[in-house]
Amino acid sequence: MPDEVMSNQEASRLSCMWSFGLILMQFVLLTGSAHGASCAGAGLAQAPLWVWPLIAGCCLFAFGTELAVLTSAPSWQFKFSYTIPSTVMNIFDVCTDALAAGVMLASYNCEDCRLEAAWKQVAAKSALRVNIPLWSIALFAWLATLPQFLIPLFTDSHNSFVDLDLLGFETIASLPEKTSDANSTQERFMFKFFLRLLAENAFQIHVQITIAGLSIALTGWTPAVDIMLISIYTTFVVLLFKFCQLWPDFWLVFESFKSDMPAKVVFLNVLLAAFVVVAYALAKILALFVCPQHLLNFDGCAEFDV
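Residues numbered from 1 in each chain as written. Predicted model: local features only at pLDDT ≥ 70, side-chain atom pairs only at ≥ 80, totals over all residues. Heavy atoms only, no water.

(A) Representation of the overall build of the chain within the structure. A count of helical and extended segments in the chain gives 11 helices and 2 strands. In sequence order, the secondary structure elements of the chain are arranged as α-α-α-α-α-α-α-α-α-α-α-β-β. By the burial criterion, 53% of the 306 residues in the chain qualify as buried. For the chain, restricting intrachain contacts to residue pairs at least 6 apart in sequence, the fraction spanning at least 24 positions comes to 78%. (Helix = DSSP H or I, 4+ residues; strand = E, 2+ residues; numbered from the N terminus. Buried < 20%, exposed > 50% of the residue type's maximum accessible area, 1.4 Å probe, protein only. Contact = heavy atoms within 4.5 Å.)

(B) Quick look at the packing of helix H6 (residues 147-154) against helix H7 (residues 160-167). The N-to-C vectors of H6 and H7 enclose an angle of 155°; their axes lie 9 Å apart at closest approach. Compared by their axis directions, H6 and H7 come out roughly antiparallel. Regarding H6 and H7, the two cross each other, and that crossing is left-handed. Taken together, the residues of H7 that come into contact with H6 (itself represented by Gln-148, Phe-149, Ile-151 and Pro-152) are Asp-163, Leu-166 and Leu-167. Split into classes, the residues belonging to the contact of H6 with H7 amount to 5 nonpolar, 1 polar and 1 charged. (Axes fitted to C-alpha atoms, helices over the stretch in contact; angles between N-to-C directions. Parallel < 35°, antiparallel > 145°, perpendicular 65-115°, else oblique. Left-handed = near helix turned anticlockwise from the far one by under 90°. Nonpolar A, V, L, I, M, F, W, Y, C, P; charged D, E, K, R; others polar.)

(C) How the structure looks around the state of the cysteines. Across all of its chains, the model carries 2 disulfides by this definition. Two residues, Cys-39 and Cys-110, share a disulfide whose sulfurs are 2.1 Å apart. Residues Cys-39 and Cys-110 share a disulfide whose torsion about the S-S bond is about -95°; that sign makes it left-handed. Pair noted here: Cys-39 is in the loop between helix H1 (8-36) and helix H2 (51-70) and Cys-110 is in the loop between helix H3 (76-107) and helix H4 (115-125), with a separation of 71 residues, a long-range link. Each sulfur in the disulfide pair Cys-291 and Cys-301 lies 2.0 Å from the other. For the disulfide bridge between Cys-291 and Cys-301, the dihedral angle about the S-S bond is near -70°, and by the sign convention the bridge is left-handed. Here Cys-291 is found in the loop between helix H11 (261-290) and strand S1 (296-297), whereas its partner Cys-301 is found in strand S2 (residues 300-301), with 10 residues between them in sequence. Here the disulfide map of the chain reads 1-2, 3-4, the bonded cysteines being numbered as they appear in the sequence. Left unpaired, Cys-95 is separated from the closest cysteine sulfur, that of Cys-58, by 4.2 Å. (Disulfide = S-S within 2.5 Å.)

(D) Region of the structure containing the packing of aromatic side chains. Taken as a whole and assessed by the stated rule, the structure comprises 5 aromatic pairs. Ring geometry for Trp-18 versus Phe-61: centroids 5.3 Å apart, planes at 35°, classification tilted. Here the residue Trp-18 occupies a position in helix H1, and Phe-61 occupies one in helix H2, the gap between them amounting to 43 residues. Residue classification places Trp-18 among the buried positions, given a relative accessible area of 5%. For the ring pair Trp-221 and Phe-289, a centre distance of 5.4 Å and an interplane angle of 20° mean the geometry is stacked. Taken as a pair, Trp-221 in the loop between helix H9 (182-219) and helix H10 (223-256) and Phe-289 in helix H11 lie far apart in primary sequence, 68 residues in all. The class for Trp-221 is partly exposed, based on a relative accessible area of 41%. Pairwise contacts between aromatic rings join Trp-18, Phe-61 and Phe-169 into one cluster. (Phe/Tyr/Trp six-rings, centres within 6.5 Å; stacked < 30°, edge-to-face > 60°.)

(E) View of the packing of H10 against H11. Two elements in contact, H10 and H11, have axes whose closest approach is 12 Å; the angle formed by their N-to-C orientations is 160°. It follows from the interaxial angle that H10 and H11 lie roughly antiparallel. With respect to the hand of their crossing, H10 and H11 are arranged in left-handed fashion. Contacts from Leu-229, Ile-232, Tyr-233, Phe-236, Leu-239, Leu-240, Phe-243, Trp-247, Phe-250, Val-253 and Phe-254 in H10 reach Lys-264, Phe-267, Leu-268, Leu-271, Ala-274, Phe-275, Val-278, Leu-282, Ile-285, Leu-288 and Phe-289 in H11. Of the residues assigned to the contact of H10 with H11, the class counts are 21 nonpolar, no polar and 1 charged.

(F) Summary view of a nonpolar patch on the surface. A cluster of nonpolar side chains, Phe-20, Leu-24, Val-28, Trp-50, Leu-150, Leu-153 and Phe-154, forms an exposed patch at the surface whose accessible area comes to about 690 Å². Contributions of two or more residues to the nonpolar patch are made by H1 and H6. Structurally, the position occupied by Phe-154 is in helix H6. By relative accessible area, Phe-154 is classed as exposed at 66%. (Patch = residues over 30% accessible without salt bridge, like charges linked within 9 Å, V, L, I, M, F, W, Y side chains within 5 Å. Areas by Shrake-Rupley, 256 points an atom, 1.4 Å probe, with all protein chains shown as cover. Salt bridge = Lys/Arg side-chain N within 4 Å of Asp/Glu carboxyl O.)

(G) Region of interest: unusual backbone geometry. The backbone phi angle of His-294 is positive, close to 65°, even though this residue is not glycine. Its place among the elements puts His-294 in the loop between H11 and S1. Taking relative accessible area as the criterion, His-294 reaches 15% and is therefore assigned buried.

If you want it as structure tokens, here you go:
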């Protein structure tokens, strides 16, 4: 097609390249920070400084990749302003999530770390009463982000632009929007809602806020906590951004169920649950600054012996 900016085959190659690259980048950040972090008392360990030039380089390369594609599009001037908050922030979010998980794992190698002891007290008084080690929750939260990067490598999608959307290249993914059909819109919505919004961001942010709150209660506002807060703020902004992006497609997907009332009820309940998760995440962020021990449970500010 002469009017195409990028064919589906080209989009497939690009998505596979970035899937592999982002998986590799996350493993480097996770293992590098887990082995290279320095202990900082009872709280979180301090991440090594070399990770930041690496993250900046990855974000710049992603921005350059998307800009190279968009400059060949007739309407690239209008999409340029959308590229910066979309792609760069998505890639930065992915990288800082891996970094936060690595720092959490590194903290458990420190002799003075008391995060697990504090977590057991908080979990015992929680409404959910979770009896799972905090390090394993942090690792699982990071592993939950991997499916979105594995799908382009191990599936033969008929629409590789959906794969690019999963990877965070939303501006490139929006190029064939004029030819997208209802099935493509529904597929994109489901992938983005469950894999990116819930698995990548919603679950991740709750774990990170808990870790940050415990560390603040134990050692105060350290540079290690500041790094975790950067990841938390980035994740929350991206989470709100994704909600705004998905909202126009919500009614299209809702109407696609037509007369299937049970499916509509389930869909609305899932959306309501997502709103509750996001609202509770905001409340937990505020609790970092309001609660005496910087953590929030379902019944109010958490209390534990530091």
